[in-house]
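# Chains, contacts and geometry: an overview
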Amino acid sequence: MHGEVVETATDHTPKLVGTAWGLLVLNTLGSTGAETIVPLPRSLIQMVTMGALAVAFVLALALNLRLRVRASAYLLLLTLLLVPSVLSSADLESGVGALFRCARFALFVGTLWLLSRWWDGGTTFVRHHIRMYFFVLCSVAAGALVSPGAALPDLYGGRLVGALWPLTPPQIGQYAAVIIGLSVLLLLSGRTDRRSAALVIVPSLVLLLLTHTRTATLGLLVGLALSIGSLTLTSAAARRFFSWAVLTAAVAAVVFASALQAWFLRGQSEENFSNLTGRAKVWDALLAAPRTTGEKVFGMGLGDKSFDGLPIDNSWLAVYHEQGLVGVALVSAVFVVLGGVALLRPPSPARACAIFLIGYCALASYTEAGLGDASPYLLHLAVAASLLASPAPATPLSTPEPPRRRVPRWARTSEVA
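Residues numbered from 1 in each chain as written. Predicted model: local features only at pLDDT ≥ 70, side-chain atom pairs only at ≥ 80, totals over all residues. Heavy atoms only, no water.

## Let's talk about the packing of helix 7 (residues 169–188) against helix 16 (residues 349–364)
- For the pair helix 7 and helix 16, interaxial distance at closest approach is 9 Å and the crossing angle is 160°. Judged by the angle between their axes, helix 7 and helix 16 are roughly antiparallel. Regarding helix 7 and helix 16, the two cross each other, and that crossing is right-handed. On helix 16, the residues that touch Gly173, Gln174, Ala177, Val178, Gly181, Leu182, Leu185 and Leu186 of helix 7 are Ala352, Cys353, Phe356, Leu357 and Tyr360.
- Within the contact of helix 7 with helix 16, the residues separate by chemical class into ten nonpolar, three polar and no charged. (Axes fitted to C-alpha atoms, helices over the stretch in contact; angles between N-to-C directions. Helix = DSSP H or I, 4+ residues; strand = E, 2+ residues; numbered from the N terminus. Parallel < 35°, antiparallel > 145°, perpendicular 65-115°, else oblique. Left-handed = near helix turned anticlockwise from the far one by under 90°. Contact = heavy atoms within 4.5 Å. Nonpolar A, V, L, I, M, F, W, Y, C, P; charged D, E, K, R; others polar.)

## Thoughts on the confidence of the model for the chain
- In this model, the chain carries an average pLDDT of 85, and 86% of its residues clear a pLDDT of 70 or more.
- Note on residues 1–11: pLDDT under 50 across the span, and 22 contacts to partners over four residues away in sequence or across chains.
- Considering only residues more than four positions removed or in separate chains, one finds that residues 395–399, a stretch of pLDDT under 50, has 14 contacts. (pLDDT = per-residue confidence, 0-100.)

## Focus: the packing of helix 15 (residues 315–344) against helix 16
- Contact pair helix 15 / helix 16: the axes reach a minimum separation of 10 Å and the direction vectors enclose 150°. Here helix 16 runs roughly antiparallel to helix 15, going by the angle between their axes. Where helix 15 crosses over helix 16, the handedness of that crossing is left-handed. Across from Phe335, Leu338, Gly339, Ala342 and Leu343 in helix 15, the residues of helix 16 making contact are Arg351, Ile355, Ile358, Cys361 and Ala362.
- Among the residues forming the contact of helix 15 with helix 16, the class breakdown is eight nonpolar, one polar and one charged.

## Brief notes about the packing of aromatic side chains
- This structure, assessed with the given rule, holds six aromatic pairs.
- Ring geometry for Tyr133 against Tyr175: centres 4.7 Å apart, planes inclined by 25°, an arrangement best described as stacked. Placement of Tyr133 in helix 5 (residues 124–146) and of Tyr175 in helix 7 is noted, with a sequence separation of 42 residues between them.
- Taking relative accessible area as the criterion, Tyr133 reaches 0% and is therefore assigned buried. (Phe/Tyr/Trp six-rings, centres within 6.5 Å; stacked < 30°, edge-to-face > 60°. Buried < 20%, exposed > 50% of the residue type's maximum accessible area, 1.4 Å probe, protein only.)

## As for empty space enclosed by the protein
- If you walk through the whole model with that rule in mind, you get one cavity of 30 Å³ or more.
- By volume, the largest cavity is sized at about 30 Å³.
- What lines the largest cavity is Leu78, Val331, Val334, Leu371, Leu378 and Leu381.
- Elements supplying a minimum of two residues to the lining of the largest cavity: helix 15 and helix 17 (376–388).
- In the lining of the largest cavity, the residues fall into six nonpolar, no polar and no charged. (1 Å grid on protein atoms, 1.4 Å probe; cavity = no way out; pocket = protein on both sides within 12 Å on 5 of 7 lines; lining within 4 Å. Points joined across faces, edges and corners; volume = space filled by probe spheres on them.)

## A look at the environment of Val25
- One can find Val25 in helix 1 (residues 16–27).
- Residue class for Val25 comes out buried when judged on its relative accessible area of 2%.
- Once the C-alpha coordinates of Val25 and Tyr133 are considered, the two residues, 108 residues apart in sequence, prove to be 7.7 Å apart.

## Observations regarding unusual backbone geometry
- You will see that His212, though not glycine, has its phi angle at about 55°, which is positive.
- Despite not being glycine, Asp313 has its phi angle at roughly 55°, a positive value.
- Inspection of the secondary structure assignment puts Asp313 in the loop between strand 3 (310–311) and helix 15.

What follows is the structure in structure tokens.
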């Protein structure tokens, strides 16, 4: 159109949106983990993480005062997940903390709704995600350099932990695997250069190996296989990378078979490895515990993802325990919707990143909890939802017309004559 400029949502995404996203990341880091170099009281950590969520909500609200949001089936399902959470927590059977966790979950989902205004199918939130978790990993690396003994304690079998902020090996492995996968996909699609990608991938890969986290490693490999496979029909770089990756993996499996087996076993017996480091015993006890009909349908209320004092370490069983069969159905619908939309989208870098995140979260859900409450996994899936959102319609901005020059009355009279 003549005299108009086309504006897209990506062109005018405020920088403070990235700040709000970083605060959400900080909120989901948790307050328990390894002992840090400087002891941090748990109450102080909880105050920082909850304060980060409150600031993120206020900041997102200030950026979106008109409450403009994008239609999102993912966020709608998370909002519905609040219903069994509140119903099962209202009787205070799980303590007052259950209602506090419900309030936190509601604030978390509300912040995502406010930020959904800028979900346009682009990679903006992918870059925010990579930056924030890379910053977290930098703190882990700094802690390892300052105090190697605290970062690789015997309590965790010599696995890497957070020495400056209390982070467990599975957490560090998860963050490293996610940003490695996203960086590889951005590189293959030409959305970043090799130097920038190497700056993220190489140190993150070192940290991932030091954590000895099997779930994160398998999630990275499976997620990349699915996502790069979705690009092979349209990207020559993806086909080359996929071929070389398969060849390298085959050679490594033959040459380093014993070393890989030792890395995966982590010094455990085959019996301990087969029952998933004792997880299976907790799962069997949880399923065998007597429950009323209401507890089966709506759960026991939001808790700390544990059963009889032991971590559940399975997202589906944790959701069943806390939000019942209704919660399990809603979380299942999240994967069905996101996966279905991803399959219907044409091949693209955004679709590949979304498939990687969906695949990673689906695999990790078997041995890690977090799909039923505010967690990094819900942030990963939120990024996937932002990548699968339809592009925002272009908004025409009328170019202001130049001010008209005032014509004196005598000149207008002479023109008429």
